[in-house]
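Chain by chain, the residues run as shown.
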Amino acid sequence: MGINGIGGVFWRADHPAKVRQWYADVLGVVDPPDGVWRQDEGPTVLAAFDRDTDYFGTDQQFMVNFRVAALPALLEHLRAQGVEILGEQHEDGIGDFAWVTDPEGTRVELWEPDSAG
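Within each chain, residues carry numbers counting from 1 in the order of the written sequence. Given that the model is predicted, a residue must reach a pLDDT of at least 70 before its local features are reported, and side-chain atom pairs must reach 80 or more before they are shown or counted; all residues, however, enter totals for whole chains, interfaces and linings. Only hydrogens and water are set aside when side-chain values are computed; all heavy atoms of the structure are taken into account.

1. Observations concerning the layout of surface pockets
Phase 1 of the analysis: Of the pockets and cavities examined, the second largest pocket occupies roughly 160 Å³.
Phase 2 of the analysis: In terms of lining, the second largest pocket is formed by W11, R12, A13, D59, Q60, Q61, F62, E104, G105 and T106.
Phase 3 of the analysis: Asp, Glu, Lys and Arg are counted as charged, while Ala, Val, Leu, Ile, Met, Phe, Trp, Tyr, Cys and Pro are counted as nonpolar; the rest, among them Gly, fall into the polar class. Looking at the lining of the second largest pocket residue by residue, the classes come out as 3 nonpolar, 4 polar and 3 charged. Cavities and pockets were defined on a 1 Å grid built over protein atoms only: a cavity is a set of grid points that admits a 1.4 Å probe from which the probe cannot escape, a pocket is an open set flanked by protein on both sides within 12 Å along at least five of seven lines, and lining residues are those with an atom within 4 Å of any such point. Grid points are joined across faces, edges and corners, and a volume is the space filled by probe spheres set on the points.

2. Considering a nonpolar patch on the surface
Phase 1 of the analysis: Together, I6, V9, W11 and L46 make up an exposed nonpolar region whose accessible area comes to about 410 Å².
Phase 2 of the analysis: Secondary-structure assignment places L46 in the loop between helix 1 (16-27) and strand 1 (64-67).
Phase 3 of the analysis: Burial classification: accessible surface area is computed with a 1.4 Å probe over protein chains only, and a residue below 20% of its type maximum counts as buried, one above 50% as exposed, and the rest as partly exposed. The exposure class assigned to L46 is exposed, which follows from its relative accessible area of 79%. Patch membership requires over 30% relative accessible area and the absence of a salt bridge. Like charges are linked within 9 Å, and nonpolar side chains (Val, Leu, Ile, Met, Phe, Trp, Tyr) within 5 Å. Residue exposure ignores everything except the shown protein chains as possible cover, and the areas themselves are Shrake-Rupley values with a 1.4 Å probe. Basic side-chain nitrogens of Lys or Arg form a salt bridge, by our definition, when they fall within 4 Å of a carboxyl oxygen of Asp or Glu. Under the DSSP-based scheme used, a helix requires at least four consecutive residues in state H or I and a strand at least two consecutive residues in state E, with every element numbered from the N terminus.

3. Quick word on the sheet that holds strand 3 (residues 95-101)
To summarise the sheet geometry, strands pair through backbone hydrogen bonds and adopt either a parallel or an antiparallel arrangement.
Phase 1 of the analysis: A pair of strands is labelled paired if DSSP reports no fewer than 2 bridges between them. As summarised here, the arrangement of the 4 strands in space is 1-4-3-2, forming an open sheet in which the pairing is mixed. On the outer flanks of this sheet lie strand 1 and strand 2 (87-91), each paired with one strand and no other. Across the sheet, the mean angle separating the axes of adjacent strands is 25 degrees when strand polarity is ignored.
Phase 2 of the analysis: Across 7 bridges, strand 3 lies against strand 4 (residues 107-113) in antiparallel orientation. Looking at strand 4, one finds that F97 is bridged to W111.
Phase 3 of the analysis: Sheet strands touched by helix 1: strand 1, strand 3 and strand 4. Its angle to strand 4, the strand with the most contacts, is close to 30 degrees.
Phase 4 of the analysis: Whether two residues touch is decided by their heavy atoms; if any such pair falls within 4.5 Å, the residues are in contact. Note on geometry: axes are lines fitted to C-alpha atoms, helical ones only across the stretch in contact, with angles between N-to-C directions running from 0 to 180 degrees. Against the sheet, helix 2 (residues 71-80) makes contact with strand 2, strand 3 and strand 4, and its axis sits at roughly 150 degrees relative to strand 4, the strand it touches most.

Structure follows, in structure tokens:
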């Protein structure tokens, strides 16, 4: 008995249909016919930050981190779609990171874990 994974991420949006379409078109997170997106097996981080952190924006209460493969290719795709990349970094032993915002300004983190991660 116990928790065995993240079952969903939910948030309020001024224009939910537009935001859902952006996640589908730009990031490829598509609602399949049964309404459940099945992710690849891999690491998931659950971490609380200090309330005054600016890691994911000053007004934002949460940030979704998407685990990705081939981050450089994804970033090229995003730039071609006109998405502004807010920053990129590499952390030894953890992997590569980049950040974008959705149409309503919600900061999203993209993470390609190191192969050992």
